[in-house]
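Chain by chain, the residues:
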Amino acid sequence: MHNELTQSDIQKMEEEIEFRKLVERPRLIEDVKEARAHGDLSENFEYYAAKRAKNQNESRIRYLERMIRTAQVVSDESKEDEVGINNTVTVRFVDDGSQETYRIVTTVRGNSLAGLISNESPLGKALLGCKEGQRVHVAVGAGGYDVDIIHIDKTEDDSQDKLRSF
């Protein structure tokens with residue numbers, strides 16, 4: 001299975017890999033050496049904790065490298081007045097009048113608790129390609145709901161996208 005990623009997703013992953021290899025790896029190796037020097041390894045919690053942190057870092061590097069290697073690159077370009085990937089959209093739910101703001105992202109970055117919804121989610125699919133002021137029906141199972149697109153923000157806001165956003 002291929003993961004859909006945009007070129008900017010891949011760039012952020014490569015930056016995280018570089019950080020983990022050049023900054024975290026040497027620090028974690030030094031932590032293991034220091035903990036090993038404390039003596040008896042059979043009762044040395046610091047050693048096991050340092051070793052575990054080092055292994056988690058290496059595992060994360062392998063995971064990101066595999067994601068990049070197997071990725072299917074998708075375009076995040078869209079027309080100026082249409083919703084596309086990496087756009088922030090404010091919608092009003094017709095049922096109750098409440099408003100929510102979401103950022104449409106690729107599947108691997110989706111995190112609804114942080115306002116990041118997948119381009120393959122029902123709401124994400126419905127919004128892609130639509131325009132500001134348009135009413136959109138979101139199909140869910142046999143039913144669904146309607147939303148009005150209030151505002152589309154095309155700016156790349158990476159304030160939410162810190163390292164480890166994948």
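In the block above lies the structure referred to throughout.
Scope of this entry: the structure provided in the associated data block. (Residues numbered from 1 in each chain as written. Predicted model: local features only at pLDDT ≥ 70, side-chain atom pairs only at ≥ 80, totals over all residues. Heavy atoms only, no water.)

## Observations concerning the environment of Lys79
- Within the secondary structure, Lys79 is located in the loop between strand S2 (71–73) and strand S3 (88–93).
- Spatially, the C-alpha atom of Lys79 lies 11 Å from that of Ile152, the residues being 73 residues apart in sequence. (Helix = DSSP H or I, 4+ residues; strand = E, 2+ residues; numbered from the N terminus.)

## So, the packing of aromatic side chains
- With the rule as written, the count across this model stands at two aromatic pairs.
- For the ring pair Phe93 and Tyr145, a centre distance of 5.8 Å and an interplane angle of 40° mean the geometry is tilted. Of this pair, Phe93 sits in strand S3 while Tyr145 sits in strand S7 (residues 143–153), and the two are 52 residues apart along the sequence.
- Among the residues examined, Phe93 registers a relative accessible area of 15% and is labelled buried. (Phe/Tyr/Trp six-rings, centres within 6.5 Å; stacked < 30°, edge-to-face > 60°. Buried < 20%, exposed > 50% of the residue type's maximum accessible area, 1.4 Å probe, protein only.)

## Some remarks on the side chain of Asn87
- Mapped onto the secondary structure, Asn87 falls in the loop between S2 and S3.
- A polar side-chain atom of Asn87 sits 2.6 Å from the main-chain amide nitrogen of Gly84. (Polar contact = N/O pair within 3.5 Å; in protein donor to acceptor, adjacent residues only side chain to side chain.)

## Considerations on the pairing of S7
- Where S3 lies against S7, six bridges are found, and the strand directions are antiparallel. Following the sheet pairing, Thr90 is matched in S7 by His151.
- Examined bridge by bridge, strand S6 (residues 135–140) and S7 share six bridges and lie antiparallel to one another. Bridge pairing in S7 places His137 opposite Asp146. (Pairing = 2+ DSSP bridges.)

Function cannot be inferred from these measures alone, as they are strictly geometric.
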